[in-house]
Amino acid sequence: MIEKQTIVRLMTADDVDGVYKVEVDAFSVPWTKEAFENEVLLNQFAYYLVAEHEGEIVGYCGVWIIMDEAHITNIAVHQSKRGLGIGDALMRHVLELSLTYGALTMTLEVRKSNHLAQNLYRKYGFEAGGIRKNYYTDNQEDALVMWVNLKERYWQ
C-alpha cells in the first residue's frame, strides 16, 4: 500500500509549490501560494503537514491550534493518489500533533455533499455539530460543521 511508502512531516516554506499543486488539483476555489506562505511563516497558530511519496508532495493537512482548540483548515490529497490511505495517514498525524500541543477539541467544515470525507472524519470520532449556510463561494453549498472531543476520545 502506498501509505507505507509515504512520509508525513511538517511543512516548510520550501513545500509551498508542491502543496499549491495539490490545492489547485483538489479545490475549485484554491488558496493562493501567498496564503500558504503566510500560514507557514507568519501564523503562530498554524501547523501544516505534508504527505510525500517518492519525493513529491501528494497531500497536505493544515490545523490551527489555539489554546486547547484545534481547527482543521484544509486537508487534500492529489486526485491521482486518492483511495490509497494518504488522507487517513494525514488525519492520524494531525490528531497526534493536536493532542501533543494540548488540544481538547477539534473542529472542521466539510461540504454537505462530500460523504467520502465525512466518513473519514467519523472514523476518528467527529460528529455533526451544525450547518454553515452558503459557506462555499463557488456554488453556495452549505458546510457541515463537525467536531470531536479529543479529551474524551483519545486521553485515557
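None of the values given here were measured: they were computed from a predicted structure. (Residues numbered from 1 in each chain as written. Predicted model: local features only at pLDDT ≥ 70, side-chain atom pairs only at ≥ 80, totals over all residues. Heavy atoms only, no water.)

Q: Describe the pattern of salt bridges, with residues and values.
A: The tally for this structure, following the rule as stated, stands at nine salt bridges. The partner of Arg132 in a salt bridge is Glu109, and the shortest N-O contact between them spans 3.0 Å. Of this pair, Arg132 sits in strand 6 (residues 127-132) while Glu109 is found in strand 5 (residues 105-111), placing the two residues 23 residues apart along the sequence. We classify Arg132 as partly exposed; its relative accessible area is 38%. (Salt bridge = Lys/Arg side-chain N within 4 Å of Asp/Glu carboxyl O. Helix = DSSP H or I, 4+ residues; strand = E, 2+ residues; numbered from the N terminus. Buried < 20%, exposed > 50% of the residue type's maximum accessible area, 1.4 Å probe, protein only.)

Q: Provide a residue-level description of the packing of aromatic side chains, including the pertinent values.
A: Aromatic ring pairs: the centre-centre distance and the angle between the two ring planes describe each pair. The final tally for this structure, using the stated rule, is seven aromatic pairs. Seen from their ring centres, Trp31 and Phe36 are 5.3 Å apart, and the 40 degrees between their planes marks the pair as tilted. Since its relative accessible area comes to 27%, Trp31 is described here as partly exposed. Look at Phe36 and Tyr48: their rings are 6.3 Å apart centre to centre, the planes differ by 85 degrees, and that puts the pair in the edge-to-face class. Residue Phe36 is located in helix 2 (residues 33-41), and its partner Tyr48 is located in strand 2 (residues 46-53); the two are separated by 12 residues in the primary sequence. (Phe/Tyr/Trp six-rings, centres within 6.5 Å; stacked < 30°, edge-to-face > 60°.)

Q: I'd love a proper account of the layout of surface pockets, names of residues and values included.
A: A volume near 1100 Å³ is recorded for the largest pocket. Considering the residues around the largest pocket, the lining is formed by 37 residues, among which Phe27, Ile75, Asn114, Ala117 and Tyr121 are closest to the centre. Of all elements in the fold, only helix 1 (16-26), strand 4 (69-77), helix 3 (86-100), strand 5 and helix 4 (115-123) reach the threshold of two or more residues within the lining of the largest pocket. The element best represented in the lining of the largest pocket is strand 4, accounting for seven residues. Partitioning the lining of the largest pocket into residue classes produces 20 nonpolar, 10 polar and seven charged. (1 Å grid on protein atoms, 1.4 Å probe; cavity = no way out; pocket = protein on both sides within 12 Å on 5 of 7 lines; lining within 4 Å. Points joined across faces, edges and corners; volume = space filled by probe spheres on them. Nonpolar A, V, L, I, M, F, W, Y, C, P; charged D, E, K, R; others polar.)

Q: Summarise helix 4; cite the residues concerned and give the values.
A: Structurally, the α-helix is built with 3.6 residues per turn, so residues lying three or four positions apart point the same way. Burial in helix 4 covers these residues: Ala117, Gln118 and Tyr121. In an axial view of helix 4, the angular spread of the buried residues amounts to 100 degrees, which keeps them on one side of the axis. Of the exposed residues in helix 4, the ones pointing more than 90 degrees away from its buried face are Leu116 and Asn119. Looking at the buried positions of helix 4, the neighbouring elements they touch are strand 4, helix 3, strand 5 and strand 7 (143-149). (Arc of directions from axis to C-beta. Contact = heavy atoms within 4.5 Å.)

Q: Summarise the packing of helix 1 against helix 2; cite the residues concerned and give the values.
A: Closest axis-to-axis distance for the helix 1/helix 2 pair is 10 Å, and the angle between their directions is 130 degrees. The angle between helix 1 and helix 2 places the two elements in the oblique class. You can see that helix 1 and helix 2 cross each other, and the crossing is right-handed. Residue-level contacts link Val16, Asp17, Val19, Tyr20 and Glu23 of helix 1 to Lys33, Phe36 and Glu37 of helix 2. When the residues that make up the contact of helix 1 with helix 2 are grouped by side-chain class, the tally is four nonpolar, no polar and four charged. (Axes fitted to C-alpha atoms, helices over the stretch in contact; angles between N-to-C directions. Parallel < 35°, antiparallel > 145°, perpendicular 65-115°, else oblique. Left-handed = near helix turned anticlockwise from the far one by under 90°.)

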